[in-house]
Amino acid sequence: MRKRTAVAALIGLAALAVSLPAVAPRRWELRSREDYLRGKFDGVSVSWDGVLALAPKEERIAAPQEEFYLSVLASADGAAYLGTGHGGKIYRIGPDGKAELWFQAPEMDVTCLVEDRKGTLFASTSPNGRIYRITAKGKGEAFFDPAEKYVWDLLFLDSGDLWAAVGEAGGIYRITPQGEGRMIFKAAENHILCLERGARGDVVAGSGGHGLVYRVAPDGRGSVLFETPYEEVRGLALDREGRIYAGASGTPTRAKREEPAERPAAVDAEVTVTVSAAAGAAPPSAAQVPPVSPTAGPARDGGALYRIDADGTAKRLWSSEDEMIYTLAWREEEKKALFGTGGRGRIYAVDREERTALLVQQSSEQVYQLAPIDSKIYVLSNNPCAFGRLLPEQRFAGEYTSPVLDAGTQASWGRIAWDAALPAGASVQLQSRSGNTGEPNATWSDWSPFYGRPEEQVLSPRARFLQVKAVLRAQSGQASPALERLSVFYLQANIAPTVARLELLPPNEVFLKYPDQEDVILGVEPSLPDPPAKKDEPRMALPGRRAERKGFRTVVWDAADENGDGLRYALAMRKDGEKAWRALVEDWAETTFAFDTLSYPDGTYLLRLTASDAASNPAGHELAAERIGPPLVIDNSLPVVKGFTATRSGGSLEIAFQAEDAYSRIEEVKVLVRPGEWRVVFPADGIADSRTESFKVTLKLPAGAESEVGVRVRDAFGNVGVFRQAF
């Protein structure tokens, strides 16, 4: 019997609240696969459509402690072989779980383990790579020496020949059962990293350097099936229909091109193959850098999974910015491709419908190799190294820890709500904890008691950050609880707005709104049967064009609210020496205000801007911020001319006077004797920079000059005074 818990009414209310300001609660919700993948999984999986359920059971197998492991082989007799890194050791773990040292290679790394049809073990090593044939415990011999630095992968074909992928020369060797081999395929890159048996009796290979997928015929002829934008193709798998799955990872060797998943790309380019003896292989021109080692720490370069169909069409099925694909396997029984990643130690599955689910997350950072056998999958992990089996059975319990919710400010927590499908005997319980650091630490609160009901008040203390843990349990391994949606409601603490800038434009300067006009296509043909369809981009918001309007002053400011509240403004003015503020405007929504100063007495004033979030908060909870601006001088009085004298001497006129203004400096003075033109004159000290300036100027009188001189004085606010006198 199944029961379903629902919170439709509450969630419907919250959907409206998401877009509202601080007066309304906000909702944080997890409901998609992408939402959940930002958290941490312990015994819990997430489906392609964002449902949490119990993960497949994992069986840990005790293995000798090593720095890291590089290879695993599941033998037909029920034993498993492990190849180590930096120790050159091969361990055998018997069906009884007992581990024993099986072979010690002189090289540091055991990169690959395979068996031939007779069950004989073969191992490849690096650096200074060799291939060993191991016939019994402690008994092994060098089978083939390709004289290459790295031997990355081995593959037996039906003919009994052994193929070996090598680097740094970047190629493939074919080795006979008698141990005689030669390079049959030479790649343009430094490394061939992986080999997989093809559907046509050929071999599919992945490279390191430019991330290519090759098809290589038995005679060594090769072609490029697909070029990825990544550095390495580390894993390959094929299904029964011949479709190729390729795991690409690493730092791109060139800028990644856009690869929409819905737009496949078909590539099938022939490659010129150079066949030469191993010792004579010339090194490639590219930088010789081996692929990423398990000791390199968490991967952060990202990767992608591609499917290449039989017609050569390639399609991206999965990608990540911070997870690299290390290993890949096809499960024919389930019709799924499984791949393990580095960075978060996850195993994903992609089905035939191209839907990706997370099966399990390891405690190790890298899932380095998957080795399927029957219904089980051997899993080799590193950082730290671990070995185990992924079983088809379901776990009985698991935990999911959410990503940290950042409320943006101190917040009061509301209700926690969830929606789940619960078979008989299954349960979902939630817990929460809170703190004031972005990463949970010892300063955070303890995990709350379990929330067992689908709607409960969050018990964690008021804070900025919150984290939720879901515990899933089942009494049977056949049916799992399914957590479909998780919501937390919260109310931000109200924070006062901030005013970052309060400025005045120069006197008489205003912004004019651009006029609205009909959109007209420039150069359009004159006879169109129908008007062109409109699909316009949003217009860029323009502040307006600047213009001059006598007597106006324009105030501009920038203000913000951390809660995202809508702000309203009040602007007030106070004359220097007075105590009372005069309101210029209240409940103003814009961040520009222009006013006519002609109705105010001349003088020096202070401006005060108040920004309030009252429109978004209930009465008593609103907050405001104030800022005093720079001094505002109102000067609408005309400058005057005093002490004017004029003395004529023949064809010259000597004038002297003082120009004065009550509140602003003298900016420009001109004189005129008709029929001449206005001429700029400088004060006696050579620069007009004060409210009082003295002038003494000798003018050359034009022919037929009138007996009147005019003086035009302009102050810094654009006020113009004119004086005339006969001489």
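Definitions and cut-offs
Residues numbered from 1 in each chain as written. Predicted model: local features only at pLDDT ≥ 70, side-chain atom pairs only at ≥ 80, totals over all residues. Heavy atoms only, no water. Pairing = 2+ DSSP bridges. Helix = DSSP H or I, 4+ residues; strand = E, 2+ residues; numbered from the N terminus. Axes fitted to C-alpha atoms, helices over the stretch in contact; angles between N-to-C directions. Salt bridge = Lys/Arg side-chain N within 4 Å of Asp/Glu carboxyl O. pLDDT = per-residue confidence, 0-100. Contact = heavy atoms within 4.5 Å. Buried < 20%, exposed > 50% of the residue type's maximum accessible area, 1.4 Å probe, protein only. Core = buried A, V, L, I, M, F, W, Y, C linked by side-chain atoms within 4.5 Å. 1 Å grid on protein atoms, 1.4 Å probe; cavity = no way out; pocket = protein on both sides within 12 Å on 5 of 7 lines; lining within 4 Å. Points joined across faces, edges and corners; volume = space filled by probe spheres on them. Nonpolar A, V, L, I, M, F, W, Y, C, P; charged D, E, K, R; others polar. Polar contact = N/O pair within 3.5 Å; in protein donor to acceptor, adjacent residues only side chain to side chain.

Student: What should I look at first to understand the sheet that holds strand β48 (residues 592-596) in this one?
Tutor: Strand pairing in a sheet relies on backbone hydrogen bonds. The paired strands run either parallel or antiparallel. Ordered by their spatial adjacency, three strands build an open sheet running β42-β45-β48, and the pairing between neighbours is antiparallel. Of all the strands in the sheet, the pair left with one neighbour each is β42 (498-504) and β48. For this sheet the average axis-to-axis angle between neighbouring strands, irrespective of direction, equals 20°. Two elements, strand β45 (residues 552-560) and β48, share five bridges in a ladder whose sense is antiparallel. Within β48, the residue paired with Val556 across the bridge is Thr592.

Student: Is there a simple way to think about the pattern of salt bridges in this case?
Tutor: Two side chains with opposite charge may pair up if their charged atoms get near one another. This model, assessed by the stated rule, comprises 41 salt bridges. The closest approach of N and O atoms between Asp202 and Arg215, which form a salt bridge, is 3.0 Å. Within this pair, whereas Asp202 is found in the loop between β19 (191-197) and β20 (203-208), its partner Arg215 is found in strand β21 (residues 212-216), the two being separated by 13 residues in sequence. For Asp219, the salt bridge is made with Arg221, and the minimal N-O distance between the two is 3.0 Å.

Student: Would you take a moment to explain the confidence of the model for the protein for this structure?
Tutor: The predicted coordinates should not be examined in detail at positions where pLDDT is low. On average, residues of the protein score 87 in pLDDT, and 86% of them are at 70 or above. Predicted confidence is poor over residues 260-290, with pLDDT under 50, and the contacts of this stretch with residues over four places away or in other chains come to 59 contacts. Under a pLDDT of 50 for its full length, residues 295-299 has, in the predicted model, twelve contacts with residues more than four places off or in other chains.

Student: Would you mind showing me how to read the pairing of strand β32 (residues 356-361) here?
Tutor: For a regular strand, the rule is simple: side chains alternate between the two faces of the sheet. Counting buried positions over the six residues of β32 gives six, a clear majority of the element. Of the strand pairs in this sheet, strand β31 (residues 346-351) and β32 are connected by five bridges, and their pairing is antiparallel. Looking at the pairing, Arg346 lines up with Gln361 of β32. Where β31 folds back onto β32 in an antiparallel hairpin, the turn is made up of four residues, including Glu354, whose phi is positive at roughly 70°.

Student: Help me understand unusual backbone geometry in this model?
Tutor: Note: most peptide bonds trans; most residues except glycine with negative phi. For the peptide bond that leads from Gly167 to Glu168, omega is 25°, which places it in the cis range. Inspection of the secondary structure assignment puts Glu168 in the loop between β16 (162-167) and β17 (171-175). The omega angle of the peptide bond from Arg674 to Pro675 is 10°, so this bond is cis rather than trans. Inspection of the secondary structure puts Pro675 in the loop between β54 (666-672) and β55 (679-680). A positive phi angle, near 55°, is found at Asp374, a position not held by glycine. Following the sequence through the fold, Asp374 ends up in the loop between β33 (366-373) and β34 (376-382). Asp374 sits in the exposed class, given a relative accessible area of 65%. Here the phi dihedral of Asp587 falls at roughly 50°; this positive angle occurs in a residue that is not glycine. Within the secondary structure, Asp587 sits in strand β47 (residues 582-588).

Student: How should the nonpolar core be read in this particular structure?
Tutor: Here is a general trend for soluble globular proteins: nonpolar side chains tend to be buried in one another's company. Judged by nonpolar contacts, the single largest core of 44 residues is most densely connected at Tyr36, Phe41, Leu305 and Leu430. Per element, the largest residue contribution to this core is eight residues, and it comes from strand β37 (residues 405-422). If sequence neighbours within four positions are ignored, Leu430 has contacts with Ile416, Trp418, Pro449, Phe450, Tyr451, Val468, Lys469, Ala470 and Leu486. In this structure, Tyr569, Tyr605, Leu607 and Ala611 belong to the second largest nonpolar core, which totals 21 residues.

Student: Explanation requested: empty space enclosed by the protein in the structure shown.
Tutor: It is a probe the size of a water molecule, rolled over the atoms, that shows where empty space is left. Going through the model one piece at a time under the given rule, you end up with one cavity of 30 Å³ or more. Here the largest cavity defines a volume of roughly 50 Å³. Taken together, Pro507, Asn508, Lys550, Gly551, Phe552, Arg553, Thr597, Asp635, Asn636, Phe717 and Asn719 make up the lining of the largest cavity. Across the lining of the largest cavity, the residue classes tally to three nonpolar, five polar and three charged.

Student: Can you walk me through the environment of Gly650 in this structure?
Tutor: Structurally, the position occupied by Gly650 is in the loop between β52 (640-649) and β53 (652-660). When the C-alpha positions of Gly650 and Leu701 are compared, they lie 8.8 Å apart, and in sequence the two are 51 residues distant.

Student: What am I meant to see in the environment of Trp330 here?
Tutor: Position of Trp330 among the secondary structure elements: in strand β29 (residues 324-331). For Trp330 and Leu238, which are 92 residues apart along the polypeptide, the C-alpha to C-alpha distance reads 6.5 Å. A polar side-chain atom of Trp330 sits 2.6 Å from a polar atom in the side chain of Glu332.

Student: In this structure, what is going on with the side chain of Glu509? I would like to understand it.
Tutor: Positionally, Glu509 belongs in strand β43 (residues 509-512). Contacts of Glu509, omitting those with residues within four sequence positions, involve Arg546, Ala547, Phe552 and Thr554.

Student: In this structure, what is going on with the sheet that holds strand β14 (residues 139-148)? I would like to understand it.
Tutor: Within the open sheet, the four strands sit side by side as β11-β12-β13-β14. Their pairing is antiparallel. Looking at the sheet topology across the chains shown, the edges are occupied by β11 (109-115) and β14. Across the sheet, the mean angle from the axis of one strand to that of its neighbour is 20°, orientation sign disregarded. Bridge analysis of strand β13 (residues 129-136) against β14 gives six bridges, and the strand direction is antiparallel. Bridge assignment links Ile131 to a residue of β14, and that residue is Phe144.

Student: Would you take a moment to explain the environment of Thr341 for this structure?
Tutor: With respect to the secondary-structure elements, Thr341 resides in strand β30 (residues 336-342). Residues Thr341 and Ser320 lie 21 residues apart in sequence; the distance between their C-alpha atoms is 9.9 Å. Setting aside chain neighbours within four positions, we find Thr341 in contact with Trp318, Glu323, Met324, Ile325, Tyr326, Arg346, Tyr348, Glu365, Gln366 and Val367.

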